[in-house]
Amino acid sequence: MSWRAVLRLWLPVLVGLTTIVATIVLRHRLSTQENAEISAMTRSQALFARSQAEAQMASRILVLSRLASRWEIWGKPVETDWDSDAALLMSGYPMYQAIEWVDPTYHARWIEPIIGNEIDQDLDFHSEMQRRSALDAAQDIHDVIVTGPIELGQGGRGFLVCVPIF
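This is a predicted model, so every value here is computed, not measured.

Undergrad: Explain the nonpolar core to me, please; I cannot follow it from the model alone.
TA: A general tendency of soluble globular proteins is for nonpolar side chains to be buried together. Ala-108, Phe-125, Leu-135, Ile-145, Leu-160 and Cys-162 are the most contacted members of the largest nonpolar core, which has 13 residues in total. Secondary structure elements with two or more residues in this core: β2 (108–112) and α3 (129–141). Those residues in contact with Cys-162 that lie beyond four places of it in its chain are Ala-134, Leu-135, Ala-138, Asp-143, Val-144 and Ile-145. If you look at the next biggest cluster of nonpolar residues, it comprises 12 residues, including Leu-67, Trp-71, Leu-89 and Trp-101.

Undergrad: I would appreciate a short explanation of the layout of surface pockets in the present structure.
TA: Once rolled over the atoms, a probe with the size of a water molecule shows which space is left empty. Quantified by volume, the largest pocket comes out at close to 1,200 Å³. Glu-100, Val-102, Val-161, Cys-162 and Val-163 are, among the 40 residues lining the largest pocket, the residues nearest its centre. Contributing elements (two or more residues each) for the lining of the largest pocket: α1 (3–74), β1 (99–102), α3, β5 (157–158) and β6 (161–162). Per-element accounting of the lining of the largest pocket gives the leading share, eight residues, to α1. Split by residue class, the lining of the largest pocket holds 27 nonpolar, seven polar and six charged.

Criteria and thresholds
- Residues numbered from 1 in each chain as written.
- Predicted model: local features only at pLDDT ≥ 70, side-chain atom pairs only at ≥ 80, totals over all residues.
- Heavy atoms only, no water.
- Core = buried A, V, L, I, M, F, W, Y, C linked by side-chain atoms within 4.5 Å.
- Buried < 20%, exposed > 50% of the residue type's maximum accessible area, 1.4 Å probe, protein only.
- Helix = DSSP H or I, 4+ residues; strand = E, 2+ residues; numbered from the N terminus.
- Contact = heavy atoms within 4.5 Å.
- 1 Å grid on protein atoms, 1.4 Å probe; cavity = no way out; pocket = protein on both sides within 12 Å on 5 of 7 lines; lining within 4 Å.
- Points joined across faces, edges and corners; volume = space filled by probe spheres on them.
- Nonpolar A, V, L, I, M, F, W, Y, C, P; charged D, E, K, R; others polar.

By themselves, these observations are geometric and do not establish any function.
Dropping the structure here:
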């Protein structure tokens, strides 16, 4: 067989294999680029969602801080006044389960609303490590502390926002 005959037989095979390899390489590069773009977009959306959640949380905590500041300026209110202030605050933020005043002995004394949160009445926060740590930290740094997720006495998981009053 002549050189030309061999070339004529193998040239289409060589061109076909080269095309297949080039296609596989290009597809792999496109897939890698697409995955990188998806990852970047996912990170961007996650950061946006996180910043939105943090902004919403900050505004909700600000309202609690103002309630504490009012107490600091005017002194301890009558329980009925505190109940009405807490109920008003709760009406604007239905995601709150309860607003509680924990006294210096770490017992929950005033709870709004009490209905559905009876289990927290006179709850000793001192005996629960995560709650006590949060209260201690808020007192030590004179600032708001938000706990990580905890099991709630009423059932389910949630977190505590501890706003110290001085």
